[in-house]
Amino acid sequence: MRTFARKPVSSLTDPGALISLKGISDKRASLFAKLGVERVFDLFFLYPRLYEDWSETVSGADLLDGEVQVFQAMVARTPSVSRYGKRSTVRTELLADQVTVRAIWFNQPWLADALAAGETYLFRGLILRKGTRLEINSPQFYRVGSELPPLLPIYPLTAGLKQTVVREAVKAAMAEQALLPLECLPKSIRLKRHLAERTFALAAIHFPADRHALMLARDRLKYEELFLAKLALSYMTKRRLEAAVPPPLDTGGEKRRQVHAWLSALPFGLTRTQKRSVDELLDGLDGRVPMHRLLQGDVGSGKTVVAAAAVLYAKLAGGQSAFLAPTAVLAAQHYRTLNALFAKTGMNTALLTGHMPAKERRKVLAGLADGSVDCVVGTHAILEPTVTFSNLAFAVTDEQHRFGVLQRQRLLKTADDVRPHLLVMSATPIPRTLALIVYGDLDVSVISEMPPGRAEIKTYPARSADRPRIETIMAETMARGEQIYVVCPLIDQSELIDLKAASQVQALLQARFPDRTVALLHGSQRPSEKDRTMLAFAAGDVDILVSTTVIEVGIDHPNATMMVVENAERFGLAQLHQLRGRVGRGDRPGLCILISDTQDQDAKRRLLTLCKNRDGFALAEADLLQRGPGDFFGTRQHGLPEFRLVNLYEEKDLIDQVSADVADILKDDPELLSAENRRLLPAIGERFGDHFMHLVL
Ligand code: ADP
Ligand code: MG
């Protein structure tokens, strides 16, 4: 496979090396390297953070306290210099349309000579009101009538590197005609999307003639950034799929009929979108390329049974499946669920988690190796190198974003070029377009409706002071024979401290309800202990389950109808939505109470959004906007390159356009060899290096 690796910087004689530029010493070059600038090329893409705008001036009467402003003023008296040892101050008074502004500069004594009394200049700086007078501290100035840069770029800096040095370096780079990045976008695309040329855009993003030129430049470079990223992903994914062979499966109409017969024997009928998703999965297993699919559906929409249909199809066709869950508790639950679903199918399922007795573990491993185990359910333990399959055909990961990129890669690394079909399930409704960027080119199935008869979940905010009332509701709930979750946030990185907080809550509730059983579920407990607690809760022997967020995902227990969340402000919106999805799963309405004493307005607003909104999709988007992708996908796990201009969460239309254009190009010219497209692969390499190599599975 072709890679996009960049040429290393060799030496001074390398025309692309930064040190070949005028004014760049070795020392400066190493400072630039901290900003990710190693070659002259990179300087062009070191976009300004913002621009100093000298074009919008205000009159003296409109000067505002606390704002950086540009105004024209006359120097009202000869500047004075006072010196104290090595330090000095320059003072003068400026007259801006009848308004006097006191100006002061520190340790720049030469400025006294640069400013002439009676002359008019443009000043720019932070205005402060001191009593009845206005003051400005170390303003910059230009003589009126001299040529002003209308918009002056302000660059990201690092300690030791000055704004002017960066600016001059960019200017010097711009002057090197031979080093200017060539146009890379096909002309047809530029015309279709009304995009400026690359050289114009790069010049204008650094030194724009005016706001309009800046807008044209940004539009073009934004498009380019996303386009090259998306193209790299699609191109490489396609390559990967071409090189890979799906596992040998003996699928066909008869086996499909068996799967459908099994589905119609279930106690419920599938929803329309569940059915569609099952069909898409079975088609995928029939396919001649390994499937790579995302199954999205809000909490409680019934993803498990859909995945199970594909597991059954794989088994009937002679292949094994692996079902990965992010936690041992969830793995155990999936194991039970699948066993129940597959009761009459002859499916041999096994559970594999990190903390199993060695003997049991050996048995499971042997079963996987000799093919007698059809479906293994488990945690990361499945990904260990000691686990070998006889014919792994289908892998499902639940709540994908919990797994790192590397772990995904491990799962898919099998002998030769054989790759199992992959399904990723997520209850976090990532906008489809974003999913394509994050996960690479995968197909998406969406379950967009809830099973019929689902009762509503009511969500209310509360304060600590409301506890007596909340406890009354808890008592009523338990009197009806229903169960309750109480969720405590992870307070600390230390599991011990979290445990203490959660166990205090448990002790308080046990004291309050002495005739009831209040159990504790916590991340630092042994898996067997957690399992025992979950089983007891599932059997109805526990009335209140106090837990840290270990129940966040997937737990399915319809008799639990009430949830109380402590310190609710500590959770993200998407996470709270997942949590409350644990109640109201049967035919009885769910109740979720969010306790928070926060004074933070943003946090309060977030909690209210959740109370008013049932749609996980809208909530996830709101959460993304508020917390950013790092929090959402888990830090660093999303594996995305750094986008400098594009904000993925705000650019839905742009993502759509780019995706469509990339698909068109690859359809007509899959190798990207035509005259129009020839510059694309080199451009990806120059811009992103081999970043995408690691991202694409
Ligand atoms: P999630 O999508 O959150 O993983 P689950 O797969 O755990 O949801 O399903 C939630 C519950 O809904 C389970 O008890 C499951 O048996 C049930 N269920 C799934 N599909 C249907 C359906 N079409 N009609 C009724 N109940 C369903
Ligand atoms: Mg689930």
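Before reading further, recall that the structure is shown in the block above.
All values reported here derive from a predicted model rather than from experimental measurement.

Undergrad: Outline the site of ligand 1, supporting the account with residue identities and numerical values.
TA: As a structural note, the neighbourhood of ligand 1 is formed by 16 residues, with Gly300, Lys303, Thr304, Arg454 and Asp556 the closest of them. One of the backbone nitrogen or oxygen atoms of glycine 269 is found 2.9 Å away from a nitrogen atom of ligand 1. Between a nitrogen atom of ligand 1 and a side-chain N or O atom of glutamine 274, the distance comes to 2.8 Å. Burial of ligand 1 by the protein chains amounts to 82% of its free accessible area of 560 Å². A majority-of-atoms criterion places ligand 1 in the second largest pocket. Among the residues making up the shell around ligand 1, the classes are represented as four nonpolar, seven polar and five charged.

Undergrad: Give me the layout of surface pockets: which residues, what numbers.
TA: Each pocket or cavity is described by its volume, and for the second largest pocket that value is around 1,000 Å³. Taken together, 40 residues make up the lining of the second largest pocket; nearest its centre are Phe268, Thr304, Thr337, Leu341 and Asp556. The set of elements that each furnish at least two residues to the lining of the second largest pocket consists of helix H10 (303-316), helix H11 (328-341) and helix H17 (527-538). Per element, the largest residue contribution to the lining of the second largest pocket is six residues, and it comes from H11. Its residues assigned to classes, the lining of the second largest pocket comprises 19 nonpolar, 12 polar and nine charged.

Undergrad: Break down the sheet that holds strand S15 (residues 392-398) for me, citing the residues and quoting the values.
TA: Reading across from one edge, S13-S14-S12-S15-S16-S11-S17 is the order of the seven strands in this open sheet, with parallel pairing throughout. Each of the sheet's edge strands pairs with one partner strand only, and the pair in question is strand S13 (349-352) and strand S17 (443-447). Neighbour to neighbour, the strand axes of the sheet diverge by 20° on average, direction disregarded. Packed onto the sheet, helix H9 (residues 272-286) meets strand S11 (292-297), S15, strand S16 (421-426) and S17 and runs at close to 155° relative to S17. Sitting on the sheet, H10 is in contact with S11, strand S12 (320-324), strand S14 (375-378), S15, S16 and S17, with an inclination near 170° to S15.

Undergrad: Give me the packing of aromatic side chains: which residues, what numbers.
TA: Evaluation of the coordinates by the stated rule reveals 11 aromatic pairs. With a centroid separation of 6.1 Å and 80° between ring planes, the pair formed by tryptophan 105 and phenylalanine 141 is classed as edge-to-face. You can see tryptophan 105 sitting in strand S6 (residues 99-106) and its partner phenylalanine 141 sitting in strand S9 (residues 140-143), a full 36 residues away along the chain. Each of the two residues, tryptophan 105 as well as phenylalanine 141, counts as buried. Where tyrosine 223 meets phenylalanine 227, the ring centres are 5.6 Å apart and the plane angle is 20°; that geometry is what we call stacked. Taken together, the residues tyrosine 223 and phenylalanine 227, both in helix H7 (residues 211-243) and four residues apart, mark about one turn of the helix.

Undergrad: So what's going on with unusual backbone geometry? Residues and values would help.
TA: Of note, serine 138 is a non-glycine position whose phi angle comes to about 50°, a positive value. Relative to the elements of secondary structure, serine 138 occurs in the loop between strand S8 (133-137) and S9. Serine 138 sits in the partly exposed class, given a relative accessible area of 31%. Positioned with a positive phi, asparagine 567 is a non-glycine residue whose angle comes to about 45°. Here asparagine 567 is to be found in the loop between strand S22 (560-565) and helix H18 (573-580).

Undergrad: Residue-level account of the environment of aspartate 541, with values.
TA: Checked against the element boundaries, aspartate 541 lands in the loop between H17 and strand S21 (544-547). Sequence separation between aspartate 541 and threonine 517 is 24 residues; the distance between their C-alpha atoms is 7.3 Å. When neighbours within four sequence positions are excluded, aspartate 541 is seen to be in contact with Thr517 and Ala536.

Undergrad: For the pairing of strand S19 (residues 483-487), give the residues involved together with the corresponding values.
TA: Most of S19 sits inside the fold, with five of its five residues counted as buried. Burial along S19 is two-sided: Gln483, Tyr485 and Val487 facing one way and Ile484 and Val486 facing the other are all buried. Across five bridges, the pairing between S19 and S22 is parallel. Directly across from tyrosine 485, in S22, lies its bridge partner methionine 563. Note: S19 against S21, four bridges, orientation parallel. Bridge pairing links isoleucine 484 to isoleucine 544 in S21.

Undergrad: Go over the packing of H9 against H10, please, and point to the residues and values.
TA: It is the contact of H9 with H10, at a shortest axis distance of 9 Å, that shows an interaxial angle of 30°. In terms of their interaxial angle, H9 and H10 are classed as roughly parallel. Viewed along their axes, H9 and H10 form a crossing whose handedness is right-handed. From H9, Gln274, Ser277, Val278, Leu281, Leu282, Leu285 and Asp286 reach across to H10, where they touch Val305, Val306, Ala307, Ala309, Ala310, Tyr313 and Ala314. Tallied by class, the residues present in the contact of H9 with H10 amount to 11 nonpolar, two polar and one charged.

Undergrad: Explain the pattern of salt bridges to me, using residue names and the numbers behind them.
TA: This structure, assessed with the given rule, holds 30 salt bridges. The partner of arginine 588 in a salt bridge is glutamate 482, with the nearest N and O atoms 3.3 Å apart. Here arginine 588, found in the loop between H18 and strand S23 (590-595), pairs with glutamate 482, found in the loop between helix H15 (467-479) and S19; they are 106 residues apart in sequence, far enough to count as distant. On the basis of relative accessibility, which here comes to 30%, the residue arginine 588 falls in the partly exposed class. In this structure, the salt-bridge partner of arginine 679 is glutamate 686, at a minimum N-O distance of 3.5 Å. Shared partners join several salt bridges into a network, and the residues in it are Glu183, Arg190, Glu197, Arg198, Arg220 and Glu224.

Undergrad: Explain H10 to me, using residue names and the numbers behind them.
TA: Owing to its 3.6 residues per turn, the α-helix brings residues three or four apart onto one side. In this model, H10 (14 residues) spans 20 Å end to end at C-alpha, consistent with the 20 Å of a helix rising 1.5 Å per residue. Across the 14 residues of H10, 11 count as buried, placing the element largely inside the fold. The positive-phi residue at the C-terminal boundary of H10 is glycine 318, with phi of around 95°.

Undergrad: Just give me the short version of helix H21 (residues 652-668), but keep the residues and values in it.
TA: Along its 17 residues, H21 runs 25 Å from first to last C-alpha, staying within 8% of the 24 Å computed at 1.5 Å per residue. Every buried residue of H21 is listed here: Leu654, Ile655, Val658, Ser659, Asp661, Val662, Ile665 and Leu666.

Undergrad: How would you sum up the sheet that holds S19? Please name residues and give values.
TA: The strands making up a sheet associate through backbone hydrogen bonding, with each pair oriented either parallel or antiparallel. The six strands are arranged S18-S23-S22-S19-S21-S20 in an open sheet whose pairing can be described as parallel. In this open sheet, the two strands that pair with only one neighbour each are strand S18 (457-462) and strand S20 (518-521). Taking each pair of neighbouring strands and ignoring which way they run, the sheet shows an average axis angle of 20°. Seen against the sheet, H15 touches S18, S19, S21, S22 and S23 and runs at an angle of roughly 160° to S22. Strands in contact with H18 are S18, S19, S22 and S23; relative to S22, the strand with the most contacts, it is inclined by about 150°.

Undergrad: Give a detailed account of a nonpolar patch on the surface, specifying residues and quantitative values.
TA: Taken together, the side chains of Val68, Leu126 and Leu128 define a hydrophobic patch exposed on the protein surface, amounting to about 220 Å² of accessible area. For valine 68, the position within the fold is in strand S3 (residues 68-75). Looking at valine 68, the relative accessible area reads 48%, which means it is partly exposed.

Calculation notes
- Residues numbered from 1 in each chain as written.
- Chains lettered and ligands numbered in written order.
- Predicted model: local features only at pLDDT ≥ 70, side-chain atom pairs only at ≥ 80, totals over all residues.
- Heavy atoms only, no water.
- Near = heavy atom within 4 Å.
- Polar contact = N/O pair within 3.5 Å; in protein donor to acceptor, adjacent residues only side chain to side chain.
- Areas by Shrake-Rupley, 256 points an atom, 1.4 Å probe, with all protein chains shown as cover.
- 1 Å grid on protein atoms, 1.4 Å probe; cavity = no way out; pocket = protein on both sides within 12 Å on 5 of 7 lines; lining within 4 Å.
- Sits in = over half its atoms within 2 Å of the grid points.
- Nonpolar A, V, L, I, M, F, W, Y, C, P; charged D, E, K, R; others polar.
- Points joined across faces, edges and corners; volume = space filled by probe spheres on them.
- Helix = DSSP H or I, 4+ residues; strand = E, 2+ residues; numbered from the N terminus.
- Pairing = 2+ DSSP bridges.
- Axes fitted to C-alpha atoms, helices over the stretch in contact; angles between N-to-C directions.
- Contact = heavy atoms within 4.5 Å.
- Phe/Tyr/Trp six-rings, centres within 6.5 Å; stacked < 30°, edge-to-face > 60°.
- Buried < 20%, exposed > 50% of the residue type's maximum accessible area, 1.4 Å probe, protein only.
- Parallel < 35°, antiparallel > 145°, perpendicular 65-115°, else oblique.
- Left-handed = near helix turned anticlockwise from the far one by under 90°.
- Salt bridge = Lys/Arg side-chain N within 4 Å of Asp/Glu carboxyl O.
- Expected span 1.5 Å × (residues − 1).
- Patch = residues over 30% accessible without salt bridge, like charges linked within 9 Å, V, L, I, M, F, W, Y side chains within 5 Å.

These figures come from the coordinates and say nothing about function on their own.
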